[in-house]
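Per-entry structural report
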Amino acid sequence: MAGPTTLPIAALDGHFLPIAEARISPLDRGFLFGDGVYEVVAVYGGRPLLIDEHLARLQRSLRELGIANPHGDDGWRALLTELVERNGGGDMGLYLQVTRGADRGRDHGFPAGLAPTVFAMATPLRPFDPDRAAVSAITAADPRWGRCDIKTTSLIANVLLRQQAVAAGAGETILLRDGWLTEGSGSTVVIIERGDLVARPEGHDVLPGTTIRLVRALAEACGIRYREEAISEARLRAAAEIWLTAALRGVAPVTRLDGAAVGSGEPGPLWRKVAEAYELLNRS
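Bringing the sheet that holds strand β6 (residues 117-124) into the picture now. Sheet architecture is open: six strands sit in the order β2-β1-β6-β5-β3-β4, paired in antiparallel fashion. Bordering the open sheet on either side are β2 (15-18) and β4 (47-48), each of which pairs with just one other strand. For strand β5 (residues 92-99) and β6, the ladder comprises eight bridges, and the chain directions are antiparallel. Along β6, the bridge assignment pairs L96 with A120. Contacting β1 (9-12), β2, β3 (36-44), β5 and β6, helix α3 (residues 73-86) runs over the sheet at an angle of about 135 degrees to β5.

Printed below as a string of structure tokens:
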């Protein structure tokens, strides 16, 4: 299934322009090497969700790659607010990307002082529908590099893993490394076990999620206890419920895994509680 088309106005290096007119240099290191970082932010009613957390993660990713942050938090908020307004406000997803910038040639080593390239665009955000939120998933071995905690644009492994799901008629690929859960190709994966919400601890092999922290708080407000533990493949397959969390997914239930039903094969009761709380928060 094709993803949503972009909304008409993008931001590129301080200018707002029709996205069809946006151009970067072919020597941009993001284009040549995937030498950059990105964030995806959900916007509800014109308000970016978890913006502080996304900007903090952006800063961390930039620091880990040695790229200077081109804006302070206020500058980012102003840019994203204007992008939302120029695209009509309401609900949307924002994609923002910072690369190391355009060099004078192609060299793996990078010189100091390049001006980062800053790009942002918006896409429509599909309305939440609890009756259509269920996702089927497949599993695959996790072949990615050792610093998945950096939200880098070098995503070819994730692209190929997601394409495995597409080819299988599924919505996500859940990744396993040496028999242990890491994450999804584009999501954090958590399970319900004995009535508790269980997530694996953060580390270099997974992206530190922003949405999962909100989901945790909502779950605890609904009386669901939260634990962080390493999750084996056996525990994943035996879970009463499996959830995916991501900025534009929110929280979604996995009802089939590798063709087998998860729990009853329908979205679980604890997911429904938390999904309703998530939707209520974003509409208040």
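That was the structure; now back to the text.
On to unusual backbone geometry, then. A positive phi angle is found at L50, which is not glycine, with a value near 55 degrees. With respect to the secondary-structure elements, L50 resides in the loop between β4 and α2 (51-65). By relative accessible area, L50 is classed as buried at 16%. A positive phi angle is found at R194, which is not glycine, with a value near 50 degrees. Checked against the element boundaries, R194 lands in the loop between β10 (188-193) and β11 (196-199). Under the relative-accessibility criterion, R194 is labelled exposed at 68%.

Tallying each qualifying case throughout the model produces two aromatic pairs. With 6.4 Å between their ring centres and 50 degrees between their planes, F128 and W271 make a pair best called tilted. Of this pair, F128 sits in the loop between β6 and β7 (135-141) while W271 is found in helix α7 (residues 269-283), placing the two residues 143 residues apart along the sequence. On the basis of relative accessibility, which here comes to 31%, the residue F128 falls in the partly exposed class.

Among soluble globular proteins, nonpolar side chains are generally buried collectively. Core analysis: the largest hydrophobic core is formed by 25 residues, its most contacted members being L197, V215, W243, V251, V274 and Y278. Only β3, β10, β11, α5 (211-221) and α7 provide two or more residues apiece to this core. Considering every element that reaches this core, the biggest residue donor is α7, with six residues. Discounting residues that sit within four places of it in the chain, L197 has contacts with V190, I191, I192, V215, R216, A219, I224, R225, Y226, R227 and W243. One finds L55, L62, M92 and V98 within the second-largest nonpolar core, a separate group that totals 24 residues.

Along the polypeptide, R100 turns up in the loop between β5 and β6. Of note is the side chain of R100, whose polar atom sits 2.7 Å from the side chain of D35. Each residue touching R100, except ones within four places of it in the same chain, is listed here: R29, D35, L65, G66, I67, F110, L114, A115 and P116.

Should the charged atoms of two oppositely charged side chains come close, the side chains can pair. With the rule as written, the count across this model stands at 28 salt bridges. Its salt-bridge partner being E193, residue R194 comes within 4.0 Å of it at the nearest N-O pair. Residues D258 and R237 are paired through a salt bridge, measuring 3.0 Å at the closest nitrogen-oxygen approach. Of this pair, D258 sits in the loop between β14 (250-257) and β15 (260-261) while R237 sits in helix α6 (residues 233-238), placing them 21 residues apart in sequence. Because the salt bridges share partners, they merge into one network encompassing E193, R194, D196, R225, R227, E229 and R235.

This paragraph deals with the packing of α2 against α3. Across the interface, α2 lies against α3 with an axial gap of 11 Å and an inter-helix angle of 120 degrees. One finds that α2 runs oblique with respect to α3. Seen from above, α2 lies across α3 with right-handed handedness. Between α2, through I51, D52, L55 and L58, and α3, the contact on the second element is made entirely by D73, W76, R77 and L80. Classifying every residue of the contact of α2 with α3 by side-chain character gives five nonpolar, no polar and three charged.

Moving on, we get to the side chain of E39. On the secondary structure map, E39 appears in strand β3. Of the polar contacts made by the side chain of E39, one reaches the side chain of H54; its length is 2.8 Å. At 2.8 Å, the side chain of E39 forms a polar contact with the side chain of R57. The residues contacting E39, other than those within four sequence positions of it, are H54, R57, L58, L94, Y95, L96 and K151.

Reading guide: rules and limits
- Residues take numbers from 1 onward in each chain, read along the sequence in its written order.
- Only residues with pLDDT of 70 or above have their local features reported here, since the model is predicted, and side-chain atom pairs are shown and tallied only from 80 upward, although totals for entire chains, interfaces and linings are computed over all residues.
- Here the side-chain values reflect all heavy atoms present in the structure, with hydrogen atoms and water set aside.
- For two strands to be treated as a pair, DSSP must find at least two bridges joining them.
- Each helix corresponds to a stretch of at least 4 residues labelled H or I by DSSP, and each strand to a stretch of at least 2 residues labelled E; elements are numbered beginning at the N terminus.
- Throughout, a contact is declared for two residues whenever any of their heavy atoms are within 4.5 Å.
- Note on method: axes are straight lines fitted to C-alpha atoms, helices fitted across the in-contact stretch only, with angles between N-to-C directions ranging 0 to 180 degrees.
- Accessibility here uses a 1.4 Å probe with only protein chains present; expressed as a share of the type maximum, an area under 20% marks a residue as buried, one over 50% as exposed, and anything in between as partly exposed.
- Each pair of aromatic rings taken from Phe, Tyr and Trp, with Trp reduced to its six-membered ring, is defined by centres within 6.5 Å and is described as stacked if the planes are under 30 degrees apart, edge-to-face if over 60, and tilted in the remaining cases.
- By nonpolar core we mean a set of buried residues, namely Ala, Val, Leu, Ile, Met, Phe, Trp, Tyr and Cys, connected to one another through side-chain atoms within 4.5 Å.
- Polar contact criterion, stated in full: a pair of N or O atoms within 3.5 Å, where within protein one must be able to donate a hydrogen and the other to accept it, and residues adjacent in sequence count only if both atoms are side-chain atoms.
- What counts as a salt bridge is simple: a side-chain nitrogen of Lys or Arg found within 4 Å of a carboxyl oxygen of Asp or Glu.
- An angle below 35 degrees is treated as roughly parallel, one above 145 as roughly antiparallel, one from 65 to 115 as roughly perpendicular, and anything else as oblique.
- Crossings are assigned a handedness: left-handed for a near helix turned anticlockwise from the far helix by less than a right angle, right-handed for a clockwise turn.
- Residues are grouped as follows: Ala, Val, Leu, Ile, Met, Phe, Trp, Tyr, Cys and Pro are nonpolar; Asp, Glu, Lys and Arg are charged; all remaining types, including Gly, are polar.

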